[in-house]
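# Chains, contacts and geometry: an overview
Here are the chains, one letter per residue:
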Amino acid sequence: MDSPFLLRKGVIREVIPENENTKRFLIEVEEFPPFKPGQFNMLYVYGQGEVPISISSMRRDLVEHTVRLVGEVTEDLFSMKEGDVIGVRGPYGSHFPLELFRGFDLVLVAGGLGLADIKPVVEYVVERREDYSRVYLLVGAKNPAGLLYRERYGEWMGKGIDLLLTVDRPEGSWEGHVGVVTDLFEFVDVDPQKTVGMMCGPEVMMYFTVRKFLEIGVEESRTFLSMERHMKCAVGTCGHCQFGYTFVCKDGPVFSYARIKPIFGVKEL
Ligand SMILES: Cc1cc2nc3c(=O)[nH]c(=O)nc-3n(C[C@H](O)[C@H](O)[C@H](O)COP(=O)(O)OP(=O)(O)OC[C@H]3O[C@@H](n4cnc5c(N)ncnc54)[C@H](O)[C@@H]3O)c2cc1C
Ligand code: FES
């Protein structure tokens, strides 16, 4: 069996700018194992360091990551181009358990970069559209430029995904909804007894989104969120990602709300 620390060679094959501080990297990784929506890789920029980054597409030929520039490692990653080599280890962590909910309505909620984590969920569903009932994708961003993967929206809607968008600041020619992502629940028509909620975004956004799901009657055990914490090992040994009684790298990043209810929203945890 491969070591959980096995570092694979990744060759960057394409770099796609999404907006001024976000880029998509398509990486060829030798013998990359199967993975599930919601899992992440550790990307190693040689000589600089490693960062956990969600796998942002279900495609296997080129592993896709969408990266926002925030600090040292992501800055070095941003200077990389086609043909450059990075280390990739993974996939790690829990996933959005779509396989358990065939026949259910799905409400997927993404805030900003959180869509990177939800996009594989959408792709998984689009491939098996007949397995699910109504499917909503609610996406919120600070401004129109923050709405990622816009070239895919038409295809998703064509496959029966009800896509609802909102921005905080309506810049340029934006004529759509303005407000926070939870406002979009007003347009959602599902049967709460057979609905599953899945979300990723800033913690404060997820805090209010969980409240919305509970308000409309979706069970805590069917409301899933993806958490973020600083990571080092990614395999549950170093303790860096401890979140109350869980390790985000091993027990998460995807948790049901029922699992983390006592610790979710607790300051400094
Ligand atoms: C499971 C998981 C999935 C992730 N998926 C993505 C993704 O798809 N795309 C993406 O761009 N980023 C993602 N991140 C966040 C990414 O790992 C951090 O932005 C990255 O580690 C920052 O590294 P850096 O060296 O560039 O910045 P640093 O120099 O380490 O930090 C810059 C600033 O960001 C803060 N920061 C760094 N890491 C985190 C973190 N994990 N949580 C909160 N604050 C942090 C630091 O405190 C500091 O203020 C994910 C994190 C986790 C845990
Ligand atoms: S990152 Fe080491 S225990 Fe989670």
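Just so we're clear, the structure is a prediction, and the values are computed from it rather than from any experiment. (Residues numbered from 1 in each chain as written. Chains lettered and ligands numbered in written order. Predicted model: local features only at pLDDT ≥ 70, side-chain atom pairs only at ≥ 80, totals over all residues.)

## Here we look at the overall build of the protein
Here is the rule: Counting from the N terminus, the helices are the DSSP runs of H or I reaching at least four residues and the strands are the DSSP runs of E reaching at least two. Our radius of gyration looks at C-alpha atoms and nothing else; its globule reference is 2.2 Å times the residue count to the power 0.38. Exposure criterion: with C-beta atoms placed from backbone coordinates, a residue whose C-beta has 20 or more other C-beta atoms within 10 Å is buried, one with 12 or fewer is exposed, and one in between is partly exposed.
Each helix and strand counted, the protein has five helices and 15 strands in total. A compact globule built from 269 residues would reach a C-alpha radius of gyration of about 18 Å, and the protein, at 18 Å, matches this within 12%. Within the protein, the proportion of its 269 residues that are buried is 41%.

## Topic: the domain arrangement of the protein
Note the cut-off: Domain start and stop points were drawn from an automatic or database domain assignment. This entry defines residue contacts through backbone-placed C-beta atoms, with two residues in contact when those atoms are within 7 Å. Residue classes follow a fixed rule: Ala, Val, Leu, Ile, Met, Phe, Trp, Tyr, Cys and Pro count as nonpolar, while Asp, Glu, Lys and Arg count as charged, and any other residue, Gly among them, counts as polar.
Along its sequence, the protein is organised into domain 1 (8-92) and domain 2 (98-260). Using C-alpha coordinates to define each centre, domain 1 is positioned 21 Å away from domain 2. The partner domain 2 presents 19 residues to the 16 residues of domain 1 that form the contact. Every element with two or more residues in the side of domain 1 that touches domain 2 is listed here: β1 (8-19), β3 (40-45), β4 (49-54) and β5 (63-68). When its residues are assigned to classes, the side of domain 1 that touches domain 2 shows seven nonpolar, seven polar and two charged.

## A closer look at the site of ligand 1
To keep it simple, the criterion reads: Using the backbone to place each C-beta atom, any residue with that atom within 6 Å of a molecule or strand is considered near it.
The local shell around ligand 1 holds 20 residues, among which V51, S54, G71, V73 and T74 are the closest. Sorting the residues of the shell around ligand 1 by element identifies β4, β5 and α1 (72-78) as the ones contributing at least two each. Of the residues forming the shell around ligand 1, the biggest block, four residues, is contributed by β4. Taken together, the residues of the shell around ligand 1 sort by class into 11 nonpolar, five polar and four charged.

## Thoughts on the environment of G201
Structurally, G201 can be placed in the loop between β11 (195-200) and α4 (203-216). When the 24 C-beta atoms within 10 Å are taken as the criterion, G201 is described as buried. Once the C-alpha coordinates of G201 and G111 are considered, the two residues, 90 residues apart in sequence, prove to be 4.4 Å apart. Non-local contacts of G201, meaning those with residues more than four positions away in its chain, are made with A110, G111, G112, G114 and M206.

## Overview of the pairing of β3
Stated precisely, the cut-off is as follows: When DSSP finds two or more bridges between a pair of strands, those strands are recorded as paired.
Where burial is concerned, most of β3 is hidden: five out of the six residues are buried. Note that β3 and β4 share six bridges and pair antiparallel. Residue pairing across strands places Y44 opposite E50, the latter belonging to β4. Linking β3 to β4, which pair antiparallel, is a turn of three residues; within it G47 sits at a positive phi near 80°. With four bridges connecting them, β3 and strand β6 (residues 85-92) associate as antiparallel partners. Note on β6: the bridge partner recorded for M42 is R89.

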